Protein chains: 2
Amino acid sequence: MSFEIISTIRSHGGIQGVYRHQSSATGTPMVFSVFTPPQAVNGRKLPVLWFLSGLTCTHANVTEKGEFRRLAAELGLVIVCPDTSPRGDGVADDAGWDLGQGAGFYVDATEAPWAPHFRMWTYVTEELPALVTRHFPVDMDRQGITGHSMGGHGALTVALRHPGRFKSVSAFAPIVAPTQVPWGQKAFPTYLGSDKAAWLRHDAVALIEHGALVPEILVDQGTADGFLEGQLRPHLLEAACQKAGIKLTLRMQEGYDHSYYFISSFMDDHLRWHGERL
Amino acid sequence: MSFEIISTIRSHGGIQGVYRHQSSATGTPMVFSVFTPPQAVNGRKLPVLWFLSGLTCTHANVTEKGEFRRLAAELGLVIVCPDTSPRGDGVADDAGWDLGQGAGFYVDATEAPWAPHFRMWTYVTEELPALVTRHFPVDMDRQGITGHSMGGHGALTVALRHPGRFKSVSAFAPIVAPTQVPWGQKAFPTYLGSDKAAWLRHDAVALIEHGALVPEILVDQGTADGFLEGQLRPHLLEAACQKAGIKLTLRMQEGYDHSYYFISSFMDDHLRWHGERL
């Protein structure tokens, strides 16, 4: 497995790295970023927080605008930020920004022309964790996961389907029930075909309704988010969690939108949430 | 004077705005950003910190990557970030990234073809302060100024030539003696012609050697900055300040480069420096 350093830059006392490797899951080169905090000395292994990004994003958006390094350096958290899809000339794409490259939805596509490369589920749940374990000073018994929008969907579904893997789960403005909203209703048939059971395995609300559990979840959601009612609908998650006995902390943040100006405003709270549990 | 809101987004409890106005100084539309912290209520006027950006940048780089909002919101600082030059199809430009659009060097050009629009000195010292005074909740008796690289040069020279206007001055990896380094030796003759006296009025070290004073300056400089010895040479500033009795705090930051990963790492320290003096 090839593994290449694109850049390593000192920041907040740690190292913000960007790396590229040839992914066996996607069959493409994949780029991801890792922030390694200053506590990573003398072979010390540190807790790791995964950040899954949203539609149109690469690793770079949160890496540049997420404002996570100051507190991650203080708390001693490794922060891993994958890309949101395979990319490249030989990879299927769509003219829309909510499908194709930049919109992998953290599923393993089974339909043509997506199936050969759009295998982000395997990528973020198996391949990249194995690579991170091998190359970075991480204690994989202390993992947390978070994400934004489509990446919030990814974080919730990955956590719900890997009981015990993550000690902490949170999300920023997540898609909580993709099978009930337009983004998912466009992407899931496209990537997964007509088998609705396959869709439901990637729907956090449906997973909870069918018995998947995590102990607790932190969600921040801006009230001025233009996608709130149409695509995100956090109250569906609230209802499912209440019924299932999952302790959901859902914070409706007055006047905040869907951007990184929102994410960065509450990044500290999420880092502390994870830090306390890792 | 037209004044238009491009966007206002809630962040860290305040408002991150981006604005456009028709500049009489440059004869072009100019875009700038202002962060208004949450303390701006009930007509309260707040201290203001100017951030002048470096080569190739617009207002957007520091606005997105500077990581200043969290602490500015805590300290109650308004943060104003101008563009680095006039821009547009009718504006002179150069193929190099260190001249022309994105490289105004905070001077009023006197030479063709730059003179009609490249009037960034007047813009940042007169026109934009007047506009900010009119439209934002600022106490102009409590101003600080900082900047990065070419913008550090701007911050130092603007402060040195406006005694008493700024209660605090700092810079990230500034060009301190443009007449002694290639960037300035390319830009100053181009913009200002052959009159070396005009160049020296835009050279912080020369200004200090000729008697200009500020009480104290904070400068952070990365030791892994590729421009350190060729273009920045902070020890020239150190020598000039020592001779002039200016209290310079020059911090050489081990392993840091010239990027926003460096700037954001020390942004808190600079905000606190200004906050304590404003």
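Note that the coordinates shown come from a computational prediction; the quantities given were computed from them, not determined experimentally.

All names here are of chain A. Along helix H9 (residues 234-244), the residues that are buried comprise Pro234, Leu237, Ala240 and Cys241. Relative to the axis of H9, the buried residues are bounded by an arc of 120° and lie together on one face. Across from the buried face of H9, at angles greater than 90 degrees, the exposed residues are Gln242 and Lys243. On its buried face, H9 sits against helix H4 (150-160), helix H7 (204-209), strand S8 (216-222), helix H8 (228-232) and strand S9 (247-253). Looking at the residues trailing H9, positive phi occurs at Gly245, about 75°.

Another point: the environment of Tyr123 of chain A. Residues and elements named next belong to chain A. Residue placement: Tyr123 occurs in helix H3 (residues 120-135). On the basis of relative accessible area, Tyr123 is assigned to the buried category, the value being 0%. Taking the C-alpha atoms as reference, Tyr123 lies 11 Å from Gly104; in sequence the two are 19 residues apart. The contact partners of Tyr123, leaving out residues within four places of it in the chain, are His21, Ser23, Ala25, Thr26, Met30, Phe32, Pro82, Leu128 and Pro129.

The next thing to look at is the interface of chain A and chain B. Listed per partner, the contact involves 22 residues of chain A and 22 residues of chain B. Around 1900 Å² of area is buried between chain A and chain B when both sides are counted, 50% of it from carbon and sulfur atoms. Contact with chain B buries surface across chain A, with Arg10, Glu67 and Tyr261 of chain A losing the most and accounting together for 35% of the total. At the junction of chain A and chain B, the tally comes to two salt bridges. In this structure, the salt-bridge partner of Glu67 of chain A is Arg69 of chain B, at a minimum N-O distance of 3.4 Å. Across the chain A-chain B interface, the total number found is 14 residue pairs in polar contact (both at pLDDT 80 or more). Of all the elements in the fold, those that place two or more residues in the side of chain A that touches chain B are strand S1 (3-11), helix H1 (59-65), helix H2 (69-75) and helix H10 (260-277) of chain A.

This structure, assessed with the given rule, holds 24 salt bridges over all chains. In this structure, the salt-bridge partner of Asp83 of chain A is Arg87 of chain A, at a minimum N-O distance of 2.7 Å. Overall, the relative accessible area of 27% leaves Arg87 of chain A in the partly exposed class. The closest approach of N and O atoms between Glu74 of chain B and Arg70 of chain B, which form a salt bridge, is 4.0 Å. Highlighted residues: Glu74 of chain B and Arg70 of chain B, both in helix H2 (residues 69-75), separated by four residues, approximately one helical turn.

This brings us to the pairing of strand S3 (residues 29-36) of chain B. When a strand is regular, its side chains alternate between the sheet's two faces. All names here are of chain B. Buried residues dominate S3, accounting for seven of its eight residues. Across eight bridges, strand S2 (residues 14-22) lies against S3 in antiparallel orientation. From the neighbouring strand, Ile15 faces S3, where its bridge partner is Thr36. Between S2 and S3, which pair antiparallel and follow one another directly, the connecting turn spans six residues, one of which, Gly27, has a positive phi of 70°. Pairing of S3 with strand S5 (residues 78-82), which is carried by four bridges, proceeds in the antiparallel orientation. Looking across to S5, one finds that Phe32 is bridged to Pro82.

Bringing the pairing of S2 of chain B into the picture now. Sheet topology places strand S1 (residues 3-11) of chain B next to S2 of chain B; eight bridges connect them, and they run antiparallel. From the neighbouring strand, Thr8 of chain B faces S2 of chain B, where its bridge partner is Gly17 of chain B.

With that settled, the discussion passes to unusual backbone geometry. Residue and element names in this part refer to chain A. For the bond running from Ala112 to Pro113, omega is -5°, close enough to zero to count as cis. Its identity as a non-glycine residue notwithstanding, Ala173 has a phi of 45°, on the positive side. Looking at the element boundaries, Ala173 is found in the loop between strand S7 (166-172) and helix H5 (182-192). You can call Ala173 buried: its relative accessible area is 0%.

The predicted coordinates should not be examined in detail at positions where pLDDT is low. Confidence in the prediction for chain A averages 97 pLDDT; 100% of positions are at 70 or higher. Scoring of the predicted complex yields 0.96 for pTM and 0.94 for ipTM.

All names here are of chain A. In this model H10 runs 24 Å from its N-terminal to its C-terminal C-alpha over 18 residues, within 8% of the 26 Å that 1.5 Å per residue would give. A bend of about 45° at Met267 is the largest found in H10. Most of H10 sits out of view: 13 of its 18 residues are buried. A side-chain oxygen of the first residue of H10 lies 3.0 Å from the backbone nitrogen of Tyr261; this N-cap is Ser259.

With an axial shift of 0.0 Å and an RMSD of 0.0 Å, the rotation relating chain A to chain B amounts to 180°. These values place the two chain copies in the arrangement generated by a two-fold rotation axis. When each C-alpha of chain A is compared by its distance to the rotation axis, Lys65 of chain A comes out closest, at 2.7 Å. A shared interface surface links the copies, since 100% of the contact residues of chain A are contact residues in chain B too.

Looking now at the packing of aromatic side chains. All names here are of chain A. Scanning all chains against the criterion turns up 38 aromatic pairs over all chains. Taking 6.0 Å as the distance between ring centres and 80° as the angle between the ring planes, the aromatic pair formed by Trp97 and Trp183 counts as edge-to-face. Within this pair, whereas Trp97 is found in the loop between strand S5 (78-82) and H3, its partner Trp183 is found in helix H5, the two being separated by 86 residues in sequence. For Trp97, a relative accessible area of 46% gives the class partly exposed. On the basis of relative accessibility, which here comes to 4%, the residue Trp183 falls in the buried class. With a centroid separation of 5.1 Å and an interplanar angle of 90°, the aromatic rings of Trp114 and Phe118 are classed as edge-to-face. Trp114 gets classed as buried once you look at its relative accessible area, which sits at 5%. Members of the aromatic cluster, joined through ring pairs, are Phe51, Phe172, Tyr256, Phe262 and Phe266. Over the aromatic face of Trp273 sits the side chain of Arg277, whose NZ or CZ is 3.6 Å from the ring centroid.

Criteria and thresholds
- Residues numbered from 1 in each chain as written.
- Chains lettered and ligands numbered in written order.
- Predicted model: local features only at pLDDT ≥ 70, side-chain atom pairs only at ≥ 80, totals over all residues.
- Heavy atoms only, no water.
- Buried < 20%, exposed > 50% of the residue type's maximum accessible area, 1.4 Å probe, protein only.
- Helix = DSSP H or I, 4+ residues; strand = E, 2+ residues; numbered from the N terminus.
- Arc of directions from axis to C-beta.
- Contact = heavy atoms within 4.5 Å.
- Buried area = accessible area lost by both parts, 1.4 Å probe.
- Salt bridge = Lys/Arg side-chain N within 4 Å of Asp/Glu carboxyl O.
- Polar contact = N/O pair within 3.5 Å; in protein donor to acceptor, adjacent residues only side chain to side chain.
- Pairing = 2+ DSSP bridges.
- pLDDT = per-residue confidence, 0-100.
- Expected span 1.5 Å × (residues − 1).
- Bend = angle between axes of the 7 residues up to and from the residue.
- Least-squares fit on C-alpha atoms with pLDDT ≥ 70 in both.
- Phe/Tyr/Trp six-rings, centres within 6.5 Å; stacked < 30°, edge-to-face > 60°.
- Lys NZ or Arg CZ within 6 Å of the ring centre and 35° of its normal.

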